[in-house]
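Structure at a glance
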Amino acid sequence: MMSLFSKIREHEQVVFCNDESTGLKAIIAIHSTRLGPALGGCRMLPYASEEEALEDVLRLSKGMTYKCAAADVDFGGGKAVIIGDPARDKTPELFRAFGQFVESLNGRFYTGTDMGTTPEDFVHSLRETNCIVGVDEVYGGSGDSSVPTAQGVIYGLQATNQALSGSDDLGNKCYSIQGLGKVGFKVAERLLEEGADLYVTDINQKAIERLLSKAKILGAGVKVLSSEEIYQANADVFVPCAMGGIINDQTIEQLTVKAVVGSANNQLLKLRHGQILKEKGILFAPDYIVNSGGLIQVADELYTPNKERVLQKTKAIYNSLLHIYEFANTSGITTIEAANEFCEKRIEARSRRNSFFSHMKRPKWAVRT
Ligand code: NAD
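Residues numbered from 1 in each chain as written. Predicted model: local features only at pLDDT ≥ 70, side-chain atom pairs only at ≥ 80, totals over all residues. Heavy atoms only, no water.

With an unreviewed UniProt entry as reference, the protein is termed Glu/Leu/Phe/Val dehydrogenase, source organism Cytobacillus dafuensis.

And the structure:
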């Protein structure tokens, strides 16, 4: 059997949190604080086993190290999971107990909402620790992160158009959008305003109707497709804004687009699907770079909130992507490999300077009232 320490050998610290009085069973994983305190959301899921929860938190916290490096924020990678059913097991006391464990890490770990948790849950944790991000503005947080995330997707599309055709113009092109939720709708709206044509799909009819009324006002062209048809749409760029794993053996066969640029997390089912896209001549914009606007916003909570500054910072996504496309091209590797290498080099280069900060100072907003 694999020893526990060999399982967690890439991680700095893994904390098992057990609070009998509230029933809290959580795991906090700190993958790296080389660029600053670890940052990552807290999931709540009814994991089938403790091993599954541990594997999830180890994988996700490592991903956050890369995501923070790519987004150029002074944070490292971490993540937390609460083992439990979000529909049944949530209580204010459970989230306060969780907050106490976060506080015990003394500024090494910052967290907030993720799958199965809401910003409201962390208002309870906030009573125990200041190391909480992404709560509502009335509680001193930065609120809805889908605005900068959508803006980041727009920069991603512009950079990709630039790489493909030498112009970052968004109009006069056709996009196929999967998911018209908080992010996808905002992206669709902006593309329509720029004069683009859209194919869209969503399993929620209300989301479709909302976009169709917007398109009617603008006199723009939107074609609605089913969940299965979206992969075959005759579009220039596929924009996945719903769920992960949608670039797989079945869907790649159907894609005729020139590029894939969207907000969904973990779009490639397996790393090898990045290679297949490359062989088909489809440019893949690494998802963790395209969708980093939300992370940029919560990391910016370190300073006094300023929405304009956050949107300014998301502009970096444009240049990062162009750099990664160029690097992948000259090195003959996939764009996801290029992104990972880019992040590893940045961690190496920055860690000496950043680690000083992460260990020596408490973030300014730790005194937020
Ligand atoms: P959301 O839940 O608001 O929207 C998702 C939309 O996708 C919903 O309208 C839903 O009906 C639709 N959908 C679900 N399954 C579908 C299917 N099979 N076919 C078509 N549509 C389907 O989520 P969101 O906040 O807009 O996020 C979208 C994606 O971006 C998610 O993968 C999320 O993890 C990722 N992301 C979001 C943010 C953020 O700031 N909100 C940040 C980073 C990454």
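Structure shown, so let's carry the discussion forward.
Focus on the overall build of the protein
Basically, it comes down to this: Comment: elements are numbered from the N terminus, with helices defined as DSSP H or I runs of at least four residues and strands as E runs of at least two. For a compact globule the rule gives 2.2 Å times the number of residues to the power 0.38, and the radius of gyration it is set against comes from C-alpha atoms. Only the protein chains shown count as cover for residues, with accessible areas throughout obtained via the Shrake-Rupley method and a probe of 1.4 Å. Two residue types count as positive, namely Lys and Arg, and two as negative, namely Asp and Glu; His and chain ends fall outside the count. Note on charges: their place is set at NZ of Lys, CZ of Arg, CG of Asp or CD of Glu.
Looking only at helices and strands, the protein has 14 helices and 12 strands in total. Over its C-alpha atoms the protein spans a radius of gyration of 21 Å, differing by no more than 12% from the 21 Å that the globule rule assigns to 369 residues. A principal-axis box enclosing the C-alpha atoms of the protein has dimensions of 55 × 45 × 45 Å. Within the structure as shown, the protein displays about 17,100 Å² of accessible surface, and the carbon and sulfur contribution to it stands at 51%. Taking the 41 positively charged and 45 negatively charged side chains of the protein as two groups, their mean positions are separated by 4 Å.

Overview of empty space enclosed by the protein
Quick reminder of the rule: Only protein atoms enter the 1 Å grid used here. Points where a 1.4 Å probe fits but cannot escape make up a cavity, open sets with protein on both sides within 12 Å along at least five of seven lines make up a pocket, and a residue lines them when an atom lies within 4 Å of a point. Grid points are joined across faces, edges and corners, and a volume is the space filled by probe spheres set on the points. Three residue categories are used. Nonpolar comprises Ala, Val, Leu, Ile, Met, Phe, Trp, Tyr, Cys and Pro, charged comprises Asp, Glu, Lys and Arg, and polar comprises the others, including Gly.
Under the counting rule described, the total for this entry stands at 1 cavity of 30 Å³ or more. Every residue lining the largest cavity is listed: Ala70, Ala71, Ile289, Ser292, Ile296, Lys313, Ala316, Ile317 and Ser320. At the level of secondary structure, the elements contributing two or more residues to the lining of the largest cavity comprise α2 (50-71) and α13 (316-331). Residue contributions to the lining of the largest cavity peak at 3 residues, all from α13. Tallied by class, residues from the lining of the largest cavity come to 6 nonpolar, 2 polar and 1 charged.

Side note on the domain arrangement of the protein
The test is simple: Annotation comment: domain bounds sourced from an automatic or database domain assignment. In this analysis, two residues are considered to be in contact whenever any of their non-hydrogen atoms come within 4.5 Å of each other. Put simply, buried area is how much 1.4 Å-probe accessible surface two parts lose in total, over both of them, once they are put together. Each salt bridge in this description consists of a side-chain nitrogen of Lys or Arg and a carboxyl oxygen of Asp or Glu lying within 4 Å of one another.
Annotation of the protein at the domain level lists domain 1 (4-62 + 77-139) and domain 2 (146-346). Measuring from the centre of the C-alpha atoms in domain 1 to the corresponding centre in domain 2 gives 28 Å. With 7 residues of domain 1 at the contact, the number on the domain 2 side is 7 residues. Approximately 460 Å² of surface area, both sides summed, lies buried where domain 1 meets domain 2, with 61% of it carried by carbon and sulfur atoms. A per-residue breakdown of the area domain 1 buries against domain 2 is headed by Leu39, Val133 and Glu137, which together make up 57% of the total. Along the contact surface separating domain 1 from domain 2 lie 1 salt bridge. Note that Lys307 is salt-bridged to Glu137, the shortest N-O span being 3.2 Å. When grouped by side-chain class, the residues that make up the side of domain 1 that touches domain 2 number 4 nonpolar, 1 polar and 2 charged.

A closer look at the packing of aromatic side chains
Spelled out, the test is: To pair, rings of Phe, Tyr and Trp, with the six-membered ring standing in for Trp, must have centres within 6.5 Å; the planes then decide the type, stacked if under 30 degrees apart, edge-to-face if over 60, and tilted in the middle.
Per the stated rule, a full pass over the model turns up 4 aromatic pairs. Ring plane angle 80 degrees and centroid distance 5.5 Å describe the contact between Phe95 and Phe122, whose orientation is recorded as edge-to-face. Placement of the pair is Phe95 in helix α3 (residues 92-104) and Phe122 in helix α4 (residues 119-125), with a sequence separation of 27 residues. Residues Tyr231 and Phe238 carry aromatic rings whose centres are separated by 5.8 Å and whose planes lie at 65 degrees to one another, so their mutual orientation is edge-to-face.

Describing the nonpolar core
This is how the line gets drawn: By nonpolar core is meant a set of buried Ala, Val, Leu, Ile, Met, Phe, Trp, Tyr and Cys residues that side-chain atoms within 4.5 Å join together. The buried label goes to any residue with under 20% of its type's maximum accessible area, the exposed label to any with over 50%, and the partly exposed label to all in between, with areas taken from a 1.4 Å probe on protein chains only.
Counting 69 residues, the largest nonpolar core has Leu157, Leu191 and Leu198 as the members making the most contacts within it. Top contributing element to this core by residue count: α13, with 7 residues. Setting aside residues up to four positions removed in sequence, Leu191 forms contacts with Ile154, Leu157, Leu170, Tyr175, Ile177, Ala196 and Leu198. In this structure, Leu39, Ala97, Leu126 and Val310 belong to the second largest nonpolar core, which totals 38 residues.

Some thoughts on the UniProt feature "active site" (unreviewed entry) in the protein
Inclusion rule: UniProt positions are given in the numbering used here, feature names are shortened, and annotations may be inferred rather than shown by experiment.
The sites that carry the UniProt feature "active site" (unreviewed entry) are, in the present numbering, Lys79. Mapped onto the elements of the fold, Lys79 is located in strand β5 (residues 76-83). A relative accessible area of 6% places Lys79 in the buried class. Every residue in contact with Lys79, bar those within four places of it in the chain, is listed here: Ile27, Ile28, Ala29, Gly40, Gly41, Val57, Leu60, Ser61, Met64, Phe109 and Asp114.

Thoughts on the packing of helix α6 (residues 182-193) against helix α7 (residues 205-218)
For clarity, the cut-off: Lines are fitted to the C-alpha atoms to define the axes, a helix being fitted only along its stretch in contact, and any angle between axes, read from their N-to-C directions, falls within 0 to 180 degrees. By the definition adopted for this analysis, an angle is roughly parallel if under 35 degrees, roughly antiparallel if over 145, roughly perpendicular if from 65 to 115, and oblique otherwise. Crossing handedness is defined as follows: a turn of the near helix away from the far one that is anticlockwise and smaller than a right angle gives a left-handed crossing, while the clockwise case is right-handed.
Axis separation between α6 and α7 bottoms out at 10 Å; the angle between their running directions is 15 degrees. When the interaxial angle is binned, α6 and α7 end up roughly parallel. You can see that α6 and α7 cross each other, and the crossing is right-handed. Here Phe185, Ala188, Glu189, Leu192 and Glu193 of α6 come into contact with α7, specifically with Arg210, Leu211, Lys214, Ala215 and Leu218. Looking at the contact of α6 with α7 residue by residue, the classes come out as 6 nonpolar, no polar and 4 charged.

Thoughts on the pairing of strand β1 (residues 13-19)
As a reminder of what qualifies: Note on pairing: DSSP must find at least two bridges between two strands before they are called paired.
Here β1 pairs with strand β2 (residues 24-32) via 7 bridges, running antiparallel. The partner of Cys17 across the bridge, within β2, is Ala26. Where β1 hands over to β2, the hairpin turn is made up of 4 residues, of which Gly23 adopts a positive phi near 80 degrees.

Considerations on the packing of helix α5 (residues 146-165) against α13
Here α5 crosses α13 at 40 degrees, and the two axes come no closer than 8 Å. Put simply, α5 runs oblique to α13. By crossing handedness, the relation of α5 to α13 is classed as right-handed. Contact residues: α5 offers Gly152, Tyr155, Gly156, Gln158, Ala159, Thr160, Gln162 and Ala163, while α13 offers Ile317, Tyr318, Leu321, Leu322 and Tyr325. Looking at the contact of α5 with α13 residue by residue, the class counts come to 8 nonpolar, 5 polar and no charged.

Structural notes on the side chain of Thr129
Rules: The definition of a polar contact used here is a pair of N or O atoms within 3.5 Å, where within protein one atom must be able to donate a hydrogen and the other to accept one, and adjacent residues in sequence count solely through side-chain atom pairs.
For Thr129, the position within the fold is in the loop between α4 and α5. Here Glu103 takes part through its side chain, which lies 2.7 Å from a polar atom of the side chain of Thr129. Not counting chain neighbours up to four residues away, the residues in contact with Thr129 comprise Gly99, Val102 and Glu103.

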